[in-house]
Amino acid sequence: MTYKLLSYQAGRDARAGVLVEDTVYDVQKVTGAPAYSSVLGALEEWSKAKRLLAQAAKRIASGKSRAKGVPLKRARLLAPVLYPGALFCAGANYTDHMLEMARVQNIPPEKDPHELGLKPWHFIKTSSASVVGPGARVTLPAYSQMVDWEIELVAVIGRPAKNVTIEKALDYVAGYTIANDLSARDAMRRPHISDASPFKLDWVSQKCFDGSCPLGPWITPASDIPDPQMLAMKLWVNDELMQDSHTSKMIFTTAEQIAHLSTRVTLRPGDLVVTGTPAGVGMGRRLFLKAGDTVRLWIEEIGEMSHTLVAPTG
């Protein structure tokens, strides 16, 4: 029986929930595991937790469980992983997006990094400040007039990974969710500093403002997505389709990214690998987000979420 793993608001508390059909159930109650009151707690014991969750979902679906749930339409969903250990975000990782950005910059398209012997590269977003959940109201940063959208597939790590092979890399994924890697395009390059200077780029201002990583709506277990390179993905701004692509257009696959990252750091349960965005970003049209806009994101086999943008205060 299929299920989704999520976080939801229960009174004043954030709780781990399991979605079965159209109802959310408390993970700790249906599994009998006190450590699973949070999604991170379940991820830290994922080999055991996924078995208990599957068993619980089967009991619920068959009517053999007495557990009481909350209808999904009444549940307030939070970011599925509230406090990720780390967010590793892939840069320039879709063929169509690379061509799009080359046109914007009026430069020749880059060669396939594989041909040049290059490895994947990532930047890091902050965790508690950046991550917000479905339905969030994200405040636009006061210093930017060019906030852009970027739909991305996210791999949620479910067991420690160090020096893993590409062939085994997906075995370390608990499941997949969706992120919008919001970017302040006009804050990337510091003015009055040479383009050749190592101090030119300002990643924090561009990528790490509060609410810059809407995440959700839940985690689809990896067992339900055997090939993360076979997923359609779409993003709308105010119901206008902006991004319409496919994860098969990644330059470095999800497995390649995880394998490479694991040679640099030990990936741990709850870490997120945010795998890059396809063509259709605002930069390609010189069109950017403004207060009152609603962004809706969808990835095949995972689901849909949305969030809104609000004006800076003060």
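See the structure above.
Residues numbered from 1 in each chain as written. Predicted model: local features only at pLDDT ≥ 70, side-chain atom pairs only at ≥ 80, totals over all residues. Heavy atoms only, no water.

Asker: What's the story with the overall build of the chain in this structure? I'm lost.
Answerer: Along the backbone of the chain there are six helices and 19 strands. In terms of principal-axis extent, the alpha carbons of the chain reach across some 65 × 45 × 30 Å. Counting every position in the chain, which comprises 314 residues, the buried fraction comes to 54%. A separation of at least 24 residues holds for 76% of the contacts in the chain among residues at least 6 apart in sequence. If you sum the accessible surface of the chain, you get close to 14700 Å²; carbon and sulfur atoms cover 51% of it. Within the chain, the 32 negative side-chain charges are centred at a point lying 7 Å from the centre of the 36 positive side-chain charges. (Helix = DSSP H or I, 4+ residues; strand = E, 2+ residues; numbered from the N terminus. Buried < 20%, exposed > 50% of the residue type's maximum accessible area, 1.4 Å probe, protein only. Contact = heavy atoms within 4.5 Å. Areas by Shrake-Rupley, 256 points an atom, 1.4 Å probe, with all protein chains shown as cover. Lys, Arg positive; Asp, Glu negative; His and termini not counted. Charge placed at Lys NZ, Arg CZ, Asp CG, Glu CD.)

Asker: Just checking my understanding: could you explain helix H3 (residues 46-62) for this structure?
Answerer: Every α-helical turn comprises 3.6 residues, leaving residues that sit three or four positions apart pointing alike. With 17 residues, H3 should reach 24 Å at 1.5 Å per residue; the first-to-last C-alpha distance of 24 Å fits that figure. For H3, the full list of buried residues reads Trp46, Ala49, Leu52, Leu53, Ala56, Ala57 and Ile60. Mapping the buried residues of H3 onto a view down its axis gives an arc of 140 degrees, with all of them on the same face. Among the exposed residues of H3, those oriented more than 90 degrees off its buried face are Ser47 and Lys58. Residues of H3 that are buried sit in contact with strand E1 (4-10), strand E2 (13-20), strand E3 (23-26), helix H1 (27-31), helix H2 (39-43) and strand E12 (173-180). Two residues or fewer past H3, Gly63 is found with a positive phi of approximately 80 degrees. (Expected span 1.5 Å × (residues − 1). Arc of directions from axis to C-beta.)

Asker: Looking at this model, I keep getting lost on unusual backbone geometry. Mind explaining?
Answerer: Peptide bonds are trans in most cases, and residues, glycine excluded, mostly fall at negative phi. Note the cis peptide between Gly216 and Pro217, where omega equals 0 degrees. For Glu21, which is not glycine, the phi dihedral falls at a positive 55 degrees. Mapped onto the secondary structure, Glu21 falls in the loop between E2 and E3. The exposure class assigned to Glu21 is exposed, which follows from its relative accessible area of 61%. One non-glycine residue, His192, lies in positive phi territory at about 65 degrees. Of note, His192 is situated in the loop between strand E13 (183-184) and helix H5 (203-207). His192 sits in the exposed class, given a relative accessible area of 83%.

Asker: Hey, could you run me through the nonpolar core in this one?
Answerer: The nonpolar side chains of a soluble globular protein tend to be buried, and buried together. Residues Tyr176, Leu235, Ile258, Leu289, Ile299 and Ile302 are the most contacted members of the largest nonpolar core, which totals 51 residues. Not counting residues within four places of it along the chain, the set of residues in contact with Ile302 comprises Lys4, Leu153, Tyr176, Thr177, Ile178, Trp218, Thr220 and Ile225. The next biggest cluster of nonpolar side chains, apart from the first, holds 35 residues, and it includes Val20, Ala33, Phe123 and Ala174. (Core = buried A, V, L, I, M, F, W, Y, C linked by side-chain atoms within 4.5 Å.)

Limitation: the analysis is restricted to geometry and does not speak to function.
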